[in-house]
Every structure is written in C-alpha cells, then in structure tokens.
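# Coordinate analysis (summary)
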Amino acid sequence: MAQAFGYRIPAAALDRTGFQPGARPRPARLHGVRPSEGSCMLNTDTQRREGPLAGVRVVDLTHMLAGPYSTWLLGALGAEVIKIERPGKGDFTRIIAPFSEEESIYFLSVNRNKRSLTLNLKEEKGKEIFKKIVATCDVLVENNRAGAMDRLGLGYNDLKAVNPRLVYASISGFGQDGPYRHRPCFDVVAQAMSGMMSITGEPGGDPCRVGASIGDIGSSLFAAVGILAALQKRVSSGEGSFIDVAMLDCQLALMENAIARFLNAGETPRALGSRHPLIAPFQAFPTADKPIAICVDTNEQWDRMCRAMGLEHLLSDPRFPTGSARNANHAELEPLLREVFLTRGRDAWLDAMEDADVPASPINSVPDALNDPQVVHRKMVVEVPEGSGKRFAAVPITMPEAPLPAESPAPRLGEHTDAILADLGFSPDEIGAFRRDAVV
C-alpha cells in the first residue's frame, strides 16, 4: 500500500472550514442505551442522523481499510462518526488513485457517513482536545499497531479515566499481546499467514490472495460485532469495554471448516480452484460458450441435475451414491459432467438448472454483477450524495422496522474542524490559535 511520503494530496481533498454552528439538537437515543455522560449530537446536517444506532457517538482514529470499513458501517447504521485525521495529510488512502474530482475513490468508498476533524495528537493541546471529544463519545475505534495509543497517553486505561462508559475497540494485525504484536500488517500478510492463500487458487498453482481484501474487512466486521455487543453489555453494567481484534485471528475464524477439518480429521486443506472441499459437484464448469457455477448439495439436487443433463445412468453408478462418495470420486465424476456441459451454451444450461431447481449461476464480471436484475432490484448500488454521480456498493442490511438513514458523502480533510471545535465550546479566536500552533 502506498505511503503518504512524497505524494501530493489533491487540493480538493484538503481542509475546508468555515461552517457556522447552530442550535444543538438533543441527541437521539439507541433503544436501551444511554449516550455517554455529556454526549451530544453535533449540529451540521450530516449528523442529524436516524437509524438503529442514532444517538451513538463514535470517535474514529482509523486509517486505510481495516478500521474505516468498520466505522463506515456504524455510520451507515445511524451512528455519528467523527474521523480524526493528521493535519495537512489525513488518512493515507486520500492519496490513492484513481480519483474522482481530485478525491480518492478508495477513500470515498469507506469513509461515508463521517465528519473530519484534523488534530495533532502529538501536541499536548491536541491530546487535551481529543480527551474532551472522548468524554462525549460512546465508542472509540483505532487501528494502529499495538502500544501506539498507550505511548501517546491515549490507551484504554488513560481514556477510561476520562469516560468510564467508553467502548474502546482496537484493530491491529496481531492483537495487543503475543510475539508479533508490534509487527505491521496489511491484508495480504494476514491472508498469507493464516493459510488463506494456501487454499486459494488452482491446484498446483501459485498461492493466491482472495480478490477482495478480506484480511481487512473481516477484522472490521468482527470489530463492529464486538462494539454492538459491548454497547448492549453497557446497558446492564453501565461500564465500557476494551475490544481487542486481530486481523490474523479473524482470518483463522473465517476459514471455518478448513481449520476444523485439519484439527479434527488431520486433513491438510489445499487449493482446489472453484471446487468445494467436501461437496461435489460444487464448482465452475465450461459450456459451449461461457462458464457456469453449479452447486449440488443434496441427493435430491443430484437426482434432478442428472435428469436435466440426460445422465440418469449416473444415479445408479456405485461411485456416486452420496455427496461424500461423489467428492471422493471427483476425478472420475468431473470429466463426465464437463463433456455434457460443453454440448450447450451457458444460458441454455442456466434455464435447464432453474427448471430443475438446481443452484446455478453465471460467472459474472463486476459490471455483469452490478447490472444483474436481482442486484438492481435490491438497490445494491447507491449514489452518494444523490445527484453527484459517485456510486458505491450499498449497505447490505435491510431493516423495515428501523430503516437506515441516507448515506452522507465522505468528508474533505478537516471539513468539519471548526464546527466540531465550536460545538465543544471553543471560540473562533481559540480555533484560530490552534491553527497557528499546528494543533489542528
């Protein structure tokens, strides 16, 4: 991943201030969860949010992907998220191409529903301001290396003294303890160390990284789950919590049956291409034109697929009576199926499989997937803000009884600095002094 050094941040992504604070609305409340003592919703339109997490206030000290994806999701569910960024630099991803109107699309995609405050946490005054913010917050999320926040004097024990109800989530490569706790970690490192890359790709081929950054995103999602659990715990206990999430740990958890098979059956998982390690046929097959994916998980589906393909004689074949037998004899089964699939085109086979009620799918490109009628119907592409032409994957959660708020665009660097500081009680002169002293 590119580092900030030597790169120029596009001018449009830099600090834009001058927002005038108005009357402070009363905070909305998450059902059963009291906002932290002294918490308040800030007063700009982007933070008058609704949704199931309305009233929950999050201070976001994350960068890159592992943390920002988690806080994007919390914001999409209605939380107020204040993103703290380095003055003049901001999140590393602000400089990653490609750009839309001089803004990084990478940054825009995972920093929606947030506001940006620039703050120098190496300055004592910056730490003082930060603690004042934390005193009003419910949740803090950070994804620095283990020990970095403690060295700044902003670790959980430091901030617990400021806000005993604080839910403090730390996402790191290897967790807060252990021999690797100080090591840097990125997605491909987590995928490689966990064994994920060893089971991805074609048999006998080079190890492959999973195409999406699940090393980052997995830890983001587990962190969000931990945060929601801690908020629920706080309802009864009145106390905050510390949440330690490691990217490596999360990758191991995501490998589910690969781990279980090795530990309990002694089987070392390996790369199988599109095949499933336990089920057959469960993979991609070529057709006369384009490939398809087929999943036969039950004997009933096997029966229907064989009849749809004119392979009724396989139903009495002693090699293939059960899913386990079909998997054990996959090397003999696959050529028989491939030969028949090659006699017709993809769409003809998809129609045949649908008629037979056998799970099957085209193997879509990204453009194909986004234009699929089901994806269009589910409104899984959202324009943020509406009318801007900037489109992203939508939040994949539908809650009719607690509809999610419309998403707000990712902030420019420091866009809300003046408004947030004013809301904390600082005067225009004080804010100007902070700028002169490089505090913000």
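Here goes a summary of the coordinates provided.

Conventions used here
- Throughout this document, residue positions are counted from 1 along each chain, in the order its sequence is written.
- With pLDDT at 70 or above as the cut-off, local features in this predicted model cover only qualifying residues; side-chain atom pairs require 80 or more to be listed or tallied, and sums for whole chains, interfaces and linings still use all residues.
- The side-chain values count all of the structure's non-hydrogen atoms but skip hydrogen atoms and water molecules.
- Think of it this way: DSSP has to see at least two bridges between two strands before they count as a pair.
- Counting from the N terminus, the helices are DSSP H or I runs at least four residues long and the strands are E runs at least two residues long.
- Each aromatic pair joins two rings of Phe, Tyr and Trp (for Trp, the six-membered one) with centres within 6.5 Å, and gets the label stacked for planes under 30 degrees apart, edge-to-face for over 60, and tilted for any other angle.
- With a 1.4 Å probe rolled over the protein chains alone, any residue whose accessible area is under 20% of its type maximum counts as buried; one over 50% counts as exposed, and the rest are partly exposed.
- Angles run from 0 to 180 degrees between N-to-C directions of axes, and those axes are lines fitted to C-alpha atoms, restricted for helices to the stretch in contact.
- A contact between two residues is defined here by any heavy atoms of the two lying within 4.5 Å.

### Quick look at the pairing of strand E10 (residues 292-295)
Across four bridges, strand E9 (residues 282-285) lies against E10 in antiparallel orientation. Its bridge partner being in E10, Phe282 is matched across the sheet by Cys295. In terms of strand pairing, E10 meets strand E11 (residues 360-362) through three bridges, oriented antiparallel. Within E11, the residue paired with Ala293 across the bridge is Ser361.

### Structural notes on the packing of aromatic side chains
Counted according to the given criterion, the structure contains nine aromatic pairs. Between the aromatic rings of Tyr156 and Tyr168, the centroid separation amounts to 5.8 Å while the plane-to-plane angle is 75°, which identifies the pairing as edge-to-face. One end of the pair, Tyr156, is in helix H5 (residues 156-160); the other, Tyr168, is in strand E7 (residues 167-172), with 12 residues separating them in the sequence. Note on accessibility: Tyr156 and Tyr168 belong to one class, buried. Seen from their ring centres, Tyr168 and Phe242 are 5.6 Å apart, and the 40° between their planes marks the pair as tilted. Here Tyr168 is found in strand E7, whereas its partner Phe242 is found in strand E8 (residues 241-246), with 74 residues between them in sequence. Taking relative accessible area as the criterion, Tyr168 reaches 1% and is therefore assigned buried. When its relative accessible area of 34% is taken as the criterion, Phe242 is described as partly exposed.

### Re unusual backbone geometry
Here the bond from Ala280 into Pro281 is cis, since omega is -5°, no more than 30 degrees from zero. Positionally, Pro281 belongs in the loop between helix H9 (256-265) and E9. Residue Pro385 follows Val384 across a cis peptide bond; omega there is -10°. Checked against the element boundaries, Pro385 lands in the loop between strand E12 (381-383) and strand E13 (391-393). One non-glycine residue, Glu101, lies in the positive phi region at around 50°. On the secondary structure map, Glu101 appears in the loop between strand E3 (99-100) and strand E4 (103-104). Even without a glycine there, the phi angle at Asn113 is positive, about 65°. Considering the arrangement of structural elements, one finds Asn113 in the loop between helix H2 (105-110) and strand E5 (115-118).

### Here we look at the sheet that holds E9
With antiparallel pairing, the three strands of this open sheet are ordered in space as E9-E10-E11. Two strands in the sheet have a free side with no partner beyond their single neighbour: E9 and E11. With direction set aside, neighbouring strand axes in the sheet form an average angle of 20°. On top of the sheet, helix H13 (residues 346-355) reaches E10 and E11; it is set at about 155° to E11, its chief contact.

Spatial relationships are all this shows, so hold off on functional conclusions.
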